[in-house]
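Notes for the structure review
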Amino acid sequence: MIDWTIAFPTFLTAIVEWVEAFTIVLAVSFSIGWRAATGAATAALCVLGAMTVATGGMLDLGIELGWLEFGIGVLLLLFGIRWLAKVVARYSGLRALHDEDREFAETRAKLSSGDRHAAWLIAFKGVLLEGLEVWLVVVALSVKVGAWRSSVLAALAALALVAGVGGCIQAPLRRIPENAIKFAVGAMIVSFGTFWTLEALGGAEVWPLGDWSLLVLAAFYALGALILVVMLRRRPLVKATS
Amino acid sequence: MSAFCKTLFGDTRNLAVVAALMAIEVALVYSDHAREAAFAIPPLVLVGVGWLAPR
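Since we're looking at a predicted model, the values are computed, not measured. (Residues numbered from 1 in each chain as written. Chains lettered and ligands numbered in written order. Predicted model: local features only at pLDDT ≥ 70, side-chain atom pairs only at ≥ 80, totals over all residues.)

Broken down by element type, chain B carries three helices and zero strands. When the helices and strands of chain B are read in sequence order from the N terminus, they spell out α-α-α. Relative to a compact globule of 55 residues, whose C-alpha radius of gyration would be 10 Å, chain B shows 13 Å and is clearly more extended. Along the three orthogonal principal directions, the C-alpha set of chain B runs to about 40 × 25 × 10 Å. Taken across its 55 residues, chain B has 33% of its residues classed as buried. (Helix = DSSP H or I, 4+ residues; strand = E, 2+ residues; numbered from the N terminus. Rg over C-alpha atoms; globule rule 2.2 N^0.38 Å. Buried ≥ 20, exposed ≤ 12 C-beta atoms within 10 Å, placed from the backbone.)

Okay, here's the thing in structure tokens:
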């Protein structure tokens, strides 16, 4: 049985990260060929798979749920606040919007030396680092009992979708609204982080609406971030995004 | 390794914001204001986001 409250944010997060990883692999493939580039990507995915299995085993060891929930909540806050701040900066014009075409061109420029080993490492590291954020969300959202399968399947479905579409068109996936997805997912991830850290410290009764408080929090953060965008919009463009 | 840590934890400003939030949260909970924390922490999170966004 799929838990959609877990699968949905995991799927959206994974889409964003896999699209970024695909752009790097695509750029590398023009330098060392598809076979070597996908080999590097597969190696990175194997590392991520091993990390996921290992973490799943650790979760099954019976660590006290309260501490685990707090630790994971802090990690989600670290991750979600960063995403939300970045996307607020982008929409308010303080940073340039994320652009897969530019990312593609920058990676191609890095590969101009023609070093095959360096190119392979760029693809491996790119997939590993983008996938690390997917791993974090998969593990974090799996703390909820029985949600492990839902989050892993959602991440794999996103990977299959991006790999399938990307493999067909063989161009950067520029039409996926990454910035909008990051905005929505950032609000959701911060909501889970806020909810779990406080629940772990103060007990389930601290949230007046119980689990429904998650929805209220997500709406609050989304609306609050929109207000921040309007407030920050008057500032000049200071730097381009990475 | 630094890229690995930065991916997981963000930069020092990001860490500082979350550390400050957790310190306030712990202080509220252990001073018997856990229910108030549910209303105080979310706006503080947005303050943190607003502080980080231009930096």
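Next up on the list: the overall build of chain A. On a plain count of helices and strands, chain A comes out with eight helices and zero strands. Listing every helix and strand of chain A by position from the N terminus yields α-α-α-α-α-α-α-α. Across the 242 residues that make up chain A, the buried fraction comes to 47%. In chain A, 85% of the contacts between residues at least 6 apart in sequence involve partners at least 24 apart. (Contact = placed C-beta atoms within 7 Å.)

The next subject is the confidence of the model for chain A. On average, residues of chain A score 83 in pLDDT, and 88% of them reach the 70 mark or higher. The element-level mean pLDDT for chain A is lowest in helix H4 (residues 100–110) of chain A, coming to 74, with helix H8 (residues 213–232) of chain A highest at 92. (pLDDT = per-residue confidence, 0-100.)

Now for H8 of chain A. Over its 20 residues, H8 of chain A runs 28 Å from end to end, which matches the ideal 28 Å to within 8%, given 1.5 Å per residue. Tucked inside the fold, the buried residues of H8 of chain A contact helix H3 (65–91) and helix H7 (178–202) of chain A together with helix H3 (34–52) of chain B. (Expected span 1.5 Å × (residues − 1).)

When the parts of a complex come together, some accessible area is lost, and that lost area is often taken as the interface size. Facing 32 residues of chain A, the contacting portion of chain B comprises 28 residues. Among the secondary structure elements, those contributing two or more residues to the side of chain A that touches chain B are H3, helix H5 (116–141), H7 and H8 of chain A. Considering every element that reaches the side of chain A that touches chain B, the biggest residue donor is H3 of chain A, with nine residues. Of the residues that constitute the side of chain A that touches chain B, the class distribution is 24 nonpolar, five polar and three charged. (Nonpolar A, V, L, I, M, F, W, Y, C, P; charged D, E, K, R; others polar.)

This next bit is on helix H1 (residues 4–32) of chain A. Residues and elements named next belong to chain A. Counted at 1.5 Å a residue, the expected span for H1 with its 29 residues is 42 Å, and the 39 Å between its end C-alpha atoms agrees. Most of H1 is tucked away, with 24 of its 29 residues classed as buried. A positive backbone phi angle near 90° is found at Gly 33, which sits one or two residues after H1.

So, about the environment of Glu 103 of chain A. Residues and elements named next belong to chain A. Relative to the elements of secondary structure, Glu 103 occurs in helix H4. Note: C-alpha distance between Glu 103 and Ala 27 (76 residues apart in sequence) is 9.0 Å. Every residue in contact with Glu 103, bar those within four places of it in the chain, is listed here: Glu 20 and Thr 23.

Relative to each other, H5 of chain A and helix H1 (residues 2–9) of chain B sit at 35°, their axes nearing to 10 Å. The way H5 of chain A lies across H1 of chain B gives a crossing that is right-handed. Residues Leu 129, Leu 132, Glu 133 and Leu 136 of chain A of H5 of chain A touch H1 of chain B, and the partners they reach there are Ala 3, Phe 4, Thr 7 and Leu 8 of chain B. Residue composition of the contact of H5 of chain A with H1 of chain B, grouped by class: six nonpolar, one polar and one charged. (Axes fitted to C-alpha atoms, helices over the stretch in contact; angles between N-to-C directions. Left-handed = near helix turned anticlockwise from the far one by under 90°.)

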